[in-house]
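Listed here are the chains, written in short residue letters.
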Amino acid sequence: MAKLYSKFMKKFLQHLPEDISYSYILDTLTNCPFDENVLSTLTIFKNLISMSKFDDENLTADLSELSLDGKESSKKSALPPPLPQRSGKGFKTSFINFTKLRQEDFINLVNEWTAATFDSNESNLDVMKSNRLLSYLNFINSVRFEDKRKLLSVLNNIEKLASQVQSKVNGETDNSIPVIIDLIKFAVNKGNKIYGDGLKET
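Note that the coordinates shown come from a computational prediction; the quantities given were computed from them, not determined experimentally.

Caption draft 1: Expanded view of the side chain of N141. Its location among the elements puts N141 in the loop between α6 (127-140) and α7 (148-167). Side-chain polar atoms of N141 contact the backbone oxygen of A187, separated by 3.0 Å. Excluding its chain neighbours within four sequence positions, the residues that come into contact with N141 are A187, K190, G191 and I194.

Caption draft 2: View of the packing of helix α2 (residues 18-31) against helix α5 (residues 100-117). One way to put it is that α2 packs onto α5 with a least axis distance of 11 Å and a crossing angle of 10°. Taken as axis vectors, α2 and α5 run roughly parallel relative to one another. Listed contacts from α5 to E18, D19, Y22, L26, L29 and T30 of α2 are R102, D105, F106 and L109. Taken together, the residues of the contact of α2 with α5 sort by class into five nonpolar, one polar and four charged.

Caption draft 3: Local environment of the packing of aromatic side chains. By the definition in use, this model includes 10 aromatic pairs. With a centroid separation of 6.0 Å and 10° between ring planes, the pair formed by F8 and F12 is classed as stacked. Placement of both F8 and F12 in helix α1 (residues 2-14) is noted, with a separation of four residues, approximately one turn of the helix. In this structure F12 comes out as partly exposed when scored by relative accessible area, which is 41%. Ring geometry for F98 versus F145: centroids 5.2 Å apart, planes at 80°, classification edge-to-face. Here the residue F98 occupies a position in the loop between β2 (92-94) and α5, and F145 occupies one in the loop between α6 and α7, the gap between them amounting to 47 residues. Given a relative accessible area of 9%, F98 falls into the buried group. The exposure class of F145 is buried, given its relative accessible area of 3%.

Definitions and cut-offs
All residue numbers refer to position in the chain's written sequence, counted from 1. This being a predicted model, a pLDDT of at least 70 is required before a residue's local features are given, and a value of 80 or more before pairs of side-chain atoms are given or counted; all residues contribute to the totals for chains, interfaces and linings. Excluding hydrogens and water, the side-chain values take into account all heavy atoms of the structure. The helix count covers DSSP runs of H or I at least four residues long, the strand count covers runs of E at least two residues long, and both are numbered beginning at the N terminus. Two N or O atoms form a polar contact when they lie within 3.5 Å of each other; inside protein one atom must be a possible hydrogen donor and the other a possible acceptor, and for residues adjacent in sequence the pair counts only when both atoms belong to side chains. Throughout, a residue-residue contact means that at least one pair of heavy atoms, one from each residue, lies within 4.5 Å. Note on definitions: angles span 0 to 180 degrees between N-to-C directions of axes, and those axes are lines fitted to C-alpha atoms, for helices only across the stretch in contact. By definition in this entry, angles of less than 35 degrees are roughly parallel, angles greater than 145 are roughly antiparallel, angles of 65 to 115 are roughly perpendicular, and the rest are oblique. Charged residues are taken to be Asp, Glu, Lys and Arg, nonpolar residues to be Ala, Val, Leu, Ile, Met, Phe, Trp, Tyr, Cys and Pro, and polar residues to be all remaining types, Gly included. Pairing of aromatic side chains here covers Phe, Tyr and the six-membered ring of Trp, requires ring centres within 6.5 Å, and sorts the geometry by plane angle: under 30 degrees stacked, over 60 edge-to-face, intermediate tilted. Categorising residues by exposure relies on relative accessible area from a 1.4 Å probe, with only protein chains included: less than 20% of the type maximum marks a residue as buried, more than 50% marks it as exposed, and the intermediate range marks it as partly exposed.

Purely geometric numbers; function is a separate question.
Dropping the structure here:
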């Protein structure tokens, strides 16, 4: 059922105006109480960011300027047209453009959920909320954010909070917490490598 829902929603959102699709996704990530739906939405979001669609308007405009009879067109002189790009890059665009402002939205969402997952005053972890935080971290590692420094700061804060919880693990601690901390730290370390190495290259 989850796969059917994801497939349907992806197709549905592909045919909506981009701003409406993004608003729906952000609202779901912000307000939906069901982790399974959030995970499905994150997967759809990642696909819509990475998948390309043809830009019909630009393609039509470019084709309208071509002259097949060798005469000058009304828009351009009849020079030999350039060879088309193999990748079709000029005619493709993402279903959802992951702009810097939208990246900020997601970073704010991660910060809010980090605060909900960790009790920094008592170094506690809310096990029920940790799955969603892990999903957000995996999303961060699957796409690319422009503000690497800010993202690294977010990751370092999560690592610090996880280490505080880890330092207080004892025999009375929920057995699942050490496993969750290890998963969070693994995802954070992966993000630090991705964005830290990218920062060195710039």
